[in-house]
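# Remarks on the overall topology
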Amino acid sequence: MEKRINDLIANMTLEEKASLCSGVGAWHTKAIERLDIPAIMMSDGPHGLRKVIEDDENGNQTLESVCFPPAVNLASSWDRDLVKQVGQILGETCQAEGISIILGPAANIKRSPLCGRNFEYFSEDPYLSSEMANAHITGVQSQGVGTSLKHFAANNQEHMRMSINAHIDERTLREIYLNSFERSVKEAKPWTLMCAYNKINDIFCSEHQELLTGILRDEWGYEGLVVSDWGAVNERVDALQAGLELEMPSSDGIGEKKIIEAVKAGILKESTLDHAVRMILNLVFKALENKRTFHAYDKNQDHSKAQKVAEESMVLLRNKDHILPIKESKKIAVIGEFAKKPRYQGGGSSHIKSFKVDTPLDEIKKLATDADVEYAQGYDINTDEIDNTYIEEAKEKAQQSELTIVFAGLPERYESEGYDRTHLKLPPNHNRLIEEVAKVQENIIVVLSNGSPVEIPWINSVKGILEAYLGGQGMGRAVANLIFGKSNPCGKLAETFAVRLNHNPSYLNFPGEGDQVHYAEGIFVGYRYYEKKEINPLFPFGFGLSYTSFDYSQLRADKTEITDEETLQVSFKVKNTGKMQGKEIVQLYVAKPETKIIRPLKELKGFAKVELEPGQEKAVTIELNKRSFAYYNTAIKDWHVESGDYHILIGASSADIRLQTTVSVTSTVKIKPFYHRNTTIGELMEDPKAKPVIEQMAQQITKGMGLSDISKENPAIALNMVRYLPLRGLINFSKGAFTEAILEEILDKLNRN
Ligand code: GLC
C-alpha cells in the first residue's frame with residue numbers, strides 16, 4: 001500500500017494533490033479517475049445513519065434510518081458493551097449504505113447544562129466520556145467503517161460556535177477537555193478526528209499547530225487523519241500546515257487554489273502537501289479495503305435494539321412510596337402531548353428520519369390491557385402558552401384516574417445544534433400542567449424527555465420521575481416496559497442536575513462575552529465543583545434508582561503500596577438484595593485528602609455494570625494505573641503523581657460511597673525544582689536539600705532584616721517572617737553581606753545538587 005501511494009503521489013500534478021485536500025459536495029472525498037483513486041462517502045451519526053440521498057430544491061432528503069438514543073442516553077447506560085453494540089449496528093448500516101465514515105462520536109465535555117448539543121455529548125466527566133466514546137468507535141470500526149471523533153476540541157457551546165475563542169488554562173485543557181479525546185485516540189484509534197469550529201486560546205482549532213500536531217500526533221501518536229468540521233477552515237494553508245488534511249465540505253476550489261498558490265510561492269512546502277495527500281489516500285484505500293458486501297440490514301431488528309438501549313439508559317430519579325413499577329391499576333390517565341408526539345432525538349446534523357417511532361401512549365395501552373387508559377393533551381408542544389382548556393381537561397382525567405402519568409420535557413425548539421438554552425426551566429405550560437394535576441391527584445409519575453438537565457420545581461408534588469432523556473425511536477416501548485416493570489431501570493446520570501442554573505460552575509462565564517469565553521472554573525466542572533463547594537445538587541453525578549437494591553462488600557486492593565509505574569487491582573462484591581433482577585452501575589473514585597495540589601475532592605477513575613438475579617452476588621475487579629492518580633503538571637508538561645496516600649472509594653453514585661480503602665502511591669518521577677533570584681526563603685526551606693543552606697544564612701538574613709533580636713530568641717519565627725522574601729531581597733537588606741555574586745553562587749549550588 002505504501003509503495004502504491006508513493007507512486008501515486010509521484011505521478012500527481014500539484015493541482016491533483018491540492019484537489020484531494022477538499023471534499024466534493026458535502027459528503028464525499030475527491031476522486032481522480034486518471035489515477036484510479038475513487039471517492040469515499042461520509043455521513044452523520046452519531047446515533048443513526050443520516051445519509052443525504054438527494055439535495056433537491058426543498059432541502060436535502062435523508063434516508064430513512066433507525067434512530068438510536070443519542071449520547072446523553074448511551075452515557076447514562078454506563079454500559080461499554082451496549083454502546084459497542086450500537087456502534088456495530090451503525091457500522092453495519094454504513095457498510096450496507098456505502099458509507100465509509102460515520103461522523104461521530106462527539107466527546108465534548110458538558111461544561112454547562114445550557115449547551116444546545118449536550119444531548120449529543122456523553123458526560124461532564126472525561127473518564128466516562130472517553131470510555132463511552134471508545135466503545136462507540138470500537139463498535140463502528142469493528143465493521144470496517146471509520147469514525148470521526150469530534151469536535152476536537154473544546155466545542156462546549158453552540159453560541160458563536162464558529163468564532164468563539166475559548167480561553168482555557170493548560171491544566172484544565174489537559175485534564176478535562178482533551179482527556180476525553182486522548183484516551184479515545186490512544187485506545188480506540190478512530191480513523192479520523194474532526195476539528196472543532198472554535199478557537200482555543202486565540203487560535204482556531206482548524207489551524208492549531210500545537211493541538212493538531214504537537215499534542216495529537218507528536219505526543220499522543222495519532223496516525224489517522226484530521227477532517228474539518230463543516231466550514232471550520234479559516235485559512236486553508238495555515239490549516240494544512242497545522243495538521244488538518246481534509247477540508248469539508250468542498251470549498252468550490254477556493255481551498256485548493258490557495259494551496260496551489262502557496263506551494264508556487266514557496267510559502268507551503270510541497271512535502272507538507274504530499275504528507276496530507278498521503279494521509280487522505282491512506283484513508284481512502286483503507287476504507288476500500290474494508291468495504292464488505294453486507295446483506296441488507298434489518299431495520300425492525302435494529303429498532304428493537306434501539307428500544308432495548310433506551311430501556312438500559314433511562315434513569316429513575318424518584319420513586320416515592322414505590323409507586324413504580326405500576327401495579328395493577330384500573331384507571332390510568334396519560335397526560336401530555338409528548339405521549340403522542342414523543343421528543344426522542346436532538347436537532348441539527350444528527351437528526352434522523354426515523355423509519356418508525358413507538359409512541360408512549362400506544363405502548364402503555366398495549367401493556368395496560370386490563371386498565372382504562374384515558375389521554376389528555378395537557379399542552380401544545382409548539383407553544384409555551386398555557387391553555388387552561390387543556391389544563392382543565394387534564395385535571396379532570398387525572399382526578400378520575402387511580403394513577404396519572406405525565407409526559408413533559410423540552411420541545412426541540414428549546415435545545416439543538418446551533419443554539420443554546422438560556423435557562424434550565426421546562427416550558428411554563430408543562431410546569432403549570434404538573435402543578436395543577438398535582439392538586440387533584442397524588443399518584444403522579446412524570447416521564448421527562450429532555451437532552452440536558454432541567455429544574456424540577458414540582459419535585460415534591462409527584463411520586464415518580466423517570467428521566468427518559470431522548471430515548472430514540474423505540475423510547476415509547478422502553479418507557480412502557482420500565483414503568484410497568486417488564487424491565488428494571490438501570491441507568492445512572494452522567495451529569496449533575498443542579499437545583500438552579502446559578503449553581504453551575506460555568507454560570508458566570510457562559511456563553512461568554514462577545515466572541516470570548518473564559519473557562520474560569522478550571523478543572524472544577526460538574527461534580528468536581530459541586531462537591532468542592534459543598535453545593536447540594538438536585539441529583540448527583542452517577543445517581544439512579546432501581547426497583548431492587550444492592551449491597552456492596554469486601555473491598556480489597558491487591559497491594560497497599562505501589563509506585564506510579566505499577567497497576568492496582570481493586571476488587572469488591574455486589575449483591576442483589578431485592579426481589580427483582582437488576583443491573584447496578586458501580587463507580588470507583590480516587591481521592592487525595594492530603595495534597596499540595598489544587599484538586600477536586602474525588603474523581604471518577606473506574607466503573608462497571610453488573611447484572612444480578614435476586615440474591616445473586618458477583619465480584620467486580622477494576623484496574624488502576626498511573627493515570628488513575630495523576631494530575632497534569634504544567635511545570636513538567638506531563639502527567640505526574642503526587643506521592644502519598646489515596647482513598648479508593650466505591651460508590652453507587654458520587655454522593656453514595658459504600659466502600660473505602662487507602663493505598664499509598666510513590667512517584668518515581670522526581671520533579672527537580674529550579675531555583676532563581678525570585679525563589680522565596682519559604683520555598684527553599686521546604687526543600688530538604690536547600691534548607692540547611694538557608695539556615696546557615698539565617699543570622700545574615702535576619703540581621704539584614706533587623707530581626708536579629710527575634711532571631712536570637714527563636715530563629716524559626718524570624719525565618720517564618722521572611723518566608724515570602726525573594727532571595728534577591730537579601731541583597732538590599734544585608735548591608736553588603738549578601739551580593740549578586742553570592743546570590744549567583746548559592747543558586748548555582750542549589751540547582752546543581
Ligand atoms: C456540523 C456539525 C458536525 C457534523 C457536520 C456535518 O456543523 O458540527 O458535528 O458532523 O457539520 O454535518
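First, a word on scope: everything that follows refers to the structure included in this document.

The rules behind these values
Residues numbered from 1 in each chain as written. Predicted model: local features only at pLDDT ≥ 70, side-chain atom pairs only at ≥ 80, totals over all residues. Heavy atoms only, no water. Helix = DSSP H or I, 4+ residues; strand = E, 2+ residues; numbered from the N terminus. Buried < 20%, exposed > 50% of the residue type's maximum accessible area, 1.4 Å probe, protein only. Polar contact = N/O pair within 3.5 Å; in protein donor to acceptor, adjacent residues only side chain to side chain. Pairing = 2+ DSSP bridges. Axes fitted to C-alpha atoms, helices over the stretch in contact; angles between N-to-C directions. Contact = heavy atoms within 4.5 Å. Core = buried A, V, L, I, M, F, W, Y, C linked by side-chain atoms within 4.5 Å.

## Focus on the side chain of R50
Topologically, R50 is positioned in the loop between strand 1 (42-44) and strand 2 (52-56). Looking at R50, the relative accessible area reads 14%, which means it is buried. A polar contact of 3.3 Å, which involves the side chain of R50, links it to the backbone oxygen of H351.

## A closer look at the sheet that holds strand 1
Taken together, 5 strands build an open sheet; the order of strands is 1-5-6-8-11 and the sheet is parallel. Lying at the two open borders of the sheet, with one neighbouring strand each, are strand 1 and strand 11 (225-228). Strand-to-strand twist of the sheet, defined as the mean angle between neighbouring strand axes without regard to direction, takes the value 30°. For strand 5 (residues 101-103) and strand 6 (residues 146-152), the ladder comprises 2 bridges, and the chain directions are parallel. Opposite I101, over in strand 6, you have G146 as the bridge partner. Running at roughly 150° to strand 6, helix 5 (residues 126-141) makes contact with strand 5 and strand 6 of the sheet. Sitting on the sheet, helix 7 (residues 179-187) touches strand 6 and strand 8 (192-195), and the angle it makes with strand 6 is about 160°.

## A look at the sheet that holds strand 9 (residues 199-200)
Strands sit in the order 10-9-7-19 across an open sheet of 4 strands; the sheet is mixed. In the strand order of this sheet, the two ends are held by strand 10 (203-204) and strand 19 (516-518), each with one partner.

## As for the nonpolar core
Of all hydrophobic cores here, the largest spans 121 residues; its most connected members are F152, W230, L281 and L604. Top contributing element to this core by residue count: helix 11 (residues 270-289), with 10 residues. Setting aside residues no more than four positions away along its own chain, F152 makes contact with L178, F181, L193, M194, C195, A196, C205, L211, L212, L216 and W220. Judged by nonpolar contacts, the second largest core, of 69 residues, contains L324, I332, L470 and I483.

These figures capture arrangement, not role.
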